[in-house]
Amino acid sequence: MKQIDVIVREVGLRDGLQIHPTFMPTENKIAWIEAEAAAGVSEIEVTSYVPAKLIPQFADAEEVTRRALTVAGLTVAALIPNSKGAERGLALGVHKLNFVMSVSRTHNLKNVRREREESVADFRRIVKMVRAQPEGRRPKVVGGLSTALGCSYEGRVPVADVVSYAVQLAEAGADEIVVADTVGYADPVQVHTVFKAVMAELGALPIAAHFHDTRGTGLANISAAIECGVRRFDASLAGLGGCPFAPGASGNIVMDDLCFMLDSMGLRTGVDLERLLQVRSIVHAALPDIEMHGALARAGLPRNYVRADERRAA
Ligand code: ZN
């Protein structure tokens, strides 16, 4: 059994592709999922259960989910904006339902067209639905908090609001809470403040961090979250994504660079860095017009690099 200190989760197929205008053919999505799982990434958010007329990129959500579920050892997650999405996920047998709501009111209204209280109530319904499933068919339910570190409409978001909604989703029955810097406003000091405050209230419930590198603070924010004790991170291969409010900006933190930094720090991710870098060519071949980021891909591994697991064994 492979020892892992930090869980890295690929979200590029959802967060990266959702604002990209070109449809990535289903076969290419599957090839990406299979190759990244083979490189050692154990959890992938493979799609989003939103209506295809809203985001045509996810018109193949059912097929992508079904085929991802055949990849041995992979935890298959999907984003859900509401209980309709949860129903689709339950029917497919997906492993993880990543519910998302925004901490800032305006963003929640624009994104899911409802008040935050309605989102919390919907989340309670989803947990109920999941718990009514027979054992073995119950996915994990994740409570995701968007705009927790800043909002493109409202600017700064009060820490008390983040804590309040984290507690409400936890009390509703979340198996995990994700705190997200959706628009890439966060800095390490703020990350420290917000995560410490949330973790103080949530006790042993797992907390994950979802950062964007829009303003270049992504990996610094990871480091701050690690100091707080966070051990689950979202990222996208080649930093795919971007920000609809900042044209040309980079997207999620770069999975390849994240894995390198963690490994270099002695934190085992279970990911083979060379194999992970090779996955980039699958994505590039499928979508030549998509912008790819990544410092490790440009510079390569340091000379005589010794992997974290080898250092541990020595
Ligand atoms: Zn995101």
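Preceding block: the structure.
Rules used throughout
Residues numbered from 1 in each chain as written. Predicted model: local features only at pLDDT ≥ 70, side-chain atom pairs only at ≥ 80, totals over all residues. Heavy atoms only, no water. Pairing = 2+ DSSP bridges. Helix = DSSP H or I, 4+ residues; strand = E, 2+ residues; numbered from the N terminus. Axes fitted to C-alpha atoms, helices over the stretch in contact; angles between N-to-C directions. Contact = heavy atoms within 4.5 Å. Parallel < 35°, antiparallel > 145°, perpendicular 65-115°, else oblique. Nonpolar A, V, L, I, M, F, W, Y, C, P; charged D, E, K, R; others polar. Salt bridge = Lys/Arg side-chain N within 4 Å of Asp/Glu carboxyl O. Buried < 20%, exposed > 50% of the residue type's maximum accessible area, 1.4 Å probe, protein only. Donors = N, O, S within 2.8 Å, 3.2 Å for Na, K, Ca; no water. Core = buried A, V, L, I, M, F, W, Y, C linked by side-chain atoms within 4.5 Å. Left-handed = near helix turned anticlockwise from the far one by under 90°. Right-handed = clockwise from strand over helix to strand, strands pointing away.

Colleague: Would you take a moment to explain the sheet that holds strand 8 (residues 232-235) for this structure?
Modeller: By way of backbone hydrogen bonds, the strands of a sheet pair with one another, either parallel or antiparallel. Taken in spatial order, the 8 strands of this closed barrel run 1-2-3-4-5-6-7-8, and their pairing is parallel. Neighbour-to-neighbour, the strand axes of the sheet open up by a mean angle of 25°, direction not taken into account. Pairing between strand 1 (residues 7-10) and strand 8: 4 bridges, direction parallel. Note on strand 8: the bridge partner recorded for Val8 is Phe233. Those strands touched by helix 7 (residues 159-172) are strand 4 (96-102), strand 5 (140-146) and strand 6 (176-181), and its axis lies near 165° from that of strand 5. Relative to strand 7 (residues 207-211), helix 8 (residues 188-202) is tilted by about 155°, and along the sheet it contacts strand 6 and strand 7.

Colleague: Quick question: what am I supposed to make of the packing of helix 2 (residues 26-38) against helix 11 (residues 273-286) here?
Modeller: Axis angle and axis distance: for two packed helices, these are the angle between their axes and the distance between the axes, and together they describe the pair. Relative to each other, helix 2 and helix 11 sit at 175°, their axes nearing to 9 Å. What the angle tells us is that helix 2 and helix 11 run roughly antiparallel. When helix 2 is examined against helix 11, the residues Asn28, Ala31, Trp32, Ala35, Glu36 and Ala38 are found in contact with a partner set consisting of Arg275, Leu276, Val279, Ile282, Val283 and Ala286. Along the lines of polarity and charge, the residues of the contact of helix 2 with helix 11 split into 9 nonpolar, 1 polar and 2 charged.

Colleague: Looking at this model, I keep getting lost on the pattern of salt bridges. Mind explaining?
Modeller: Side-chain pairing between opposite charges can occur once the charged atoms of the two side chains come close. Under the criterion given, the structure shown has 22 salt bridges. One salt bridge connects Arg105 with Glu115, and the closest N-O pair in it is separated by 2.7 Å. Here the residue Arg105 occupies a position in helix 5 (residues 105-112), and Glu115 occupies one in the loop between helix 5 and helix 6 (116-131), the gap between them amounting to 10 residues. Given the relative accessible area of 40%, Arg105 is considered partly exposed. Across the pair Arg280 and Asp256 runs a salt bridge whose closest N-O atoms are separated by 2.6 Å. With a gap of 24 residues between them, Arg280 in helix 11 and Asp256 in helix 10 (residues 255-264) connect regions that are remote in the sequence. With respect to class, Arg280 is no different from Asp256; both count as buried. Through salt bridges that share partners, Arg9, Glu43, Lys96, Glu176, Arg232 and Asp234 make up one connected network.

Colleague: Please clarify how the coordination of the zinc ion should be interpreted in this entry.
Modeller: Reference values for angles at a metal are 109.5 degrees in the four-donor tetrahedral case and 90 or 180 degrees in the six-donor octahedral case. Looking at the metal site, the zinc ion is ligated by Asp15 (OD), His210 (NE2) and His212 (NE2), spaced 2.0 to 2.1 Å from it. Every donor residue of the zinc ion comes from the same chain, spaced as D-x194-H-x1-H. Here the residue Asp15 occupies a position in helix 1 (residues 12-16), and His212 occupies one in the loop between strand 7 and helix 9 (218-228), the gap between them amounting to 197 residues. In this structure, Asp15 and His212 share a single accessibility class: buried.

Colleague: What am I meant to see in the nonpolar core here?
Modeller: Soluble, globular proteins show a tendency: their nonpolar side chains are buried together. Counting 87 residues, the largest nonpolar core has Leu145 and Phe195 as its most contacted members. Sorting elements by how many residues they give to this core places helix 7 first, with 7 residues. Residues in contact with Leu145, not counting those within four places in the same chain, are Met101, Val103, Val162, Tyr165, Ala166, Leu169, Ile177, Val178, Val179 and Ala180.

Colleague: Sorry, what's going on with the packing of helix 8 against helix 9 here?
Modeller: The N-to-C vectors of helix 8 and helix 9 enclose an angle of 35°; their axes lie 8 Å apart at closest approach. Pair helix 8 / helix 9 crosses with right-handed handedness. Counted together, Pro188, Val191, His192, Phe195, Lys196 and Met199 of helix 8 and Ala220, Asn221, Ala224, Ala225, Glu227 and Cys228 of helix 9 form the full contact between these two elements. In terms of residue class, the contact of helix 8 with helix 9 is made up of 8 nonpolar, 2 polar and 2 charged.

Colleague: Where do I start with the pairing of strand 8 in this structure?
Modeller: Two faces make up the sheet, and in a regular strand the side chains alternate between them. Relative to strand 8, strand 7 runs parallel, the two being bridged by 2 bridges. Each residue of the ladder has a partner; that of His210, found in strand 8, is Asp234. Of the crossover connections in this fold, the one passing from strand 7 over helix 9 to the parallel strand 8 is right-handed.

Colleague: Even after reading the chapter, I still don't get the pairing of strand 6, so can you show me in this structure?
Modeller: With 6 of its 6 residues buried, strand 6 lies for the most part within the structure. Side chains Glu176, Val178 and Ala180 project from strand 6 onto one buried face, and the interleaved Ile177, Val179 and Asp181 project onto a second face that is buried too. Handedness of the β-α-β unit built from strand 5, helix 7 and strand 6 comes out right-handed. Judged from the 5 bridges that link them, strand 6 and strand 7 form a sheet pairing that is parallel. Its bridge partner being in strand 7, Val178 is matched across the sheet by Ala208. Tracing the backbone out of strand 6, into helix 8 and back to the parallel element strand 7 gives a crossover that is right-handed.

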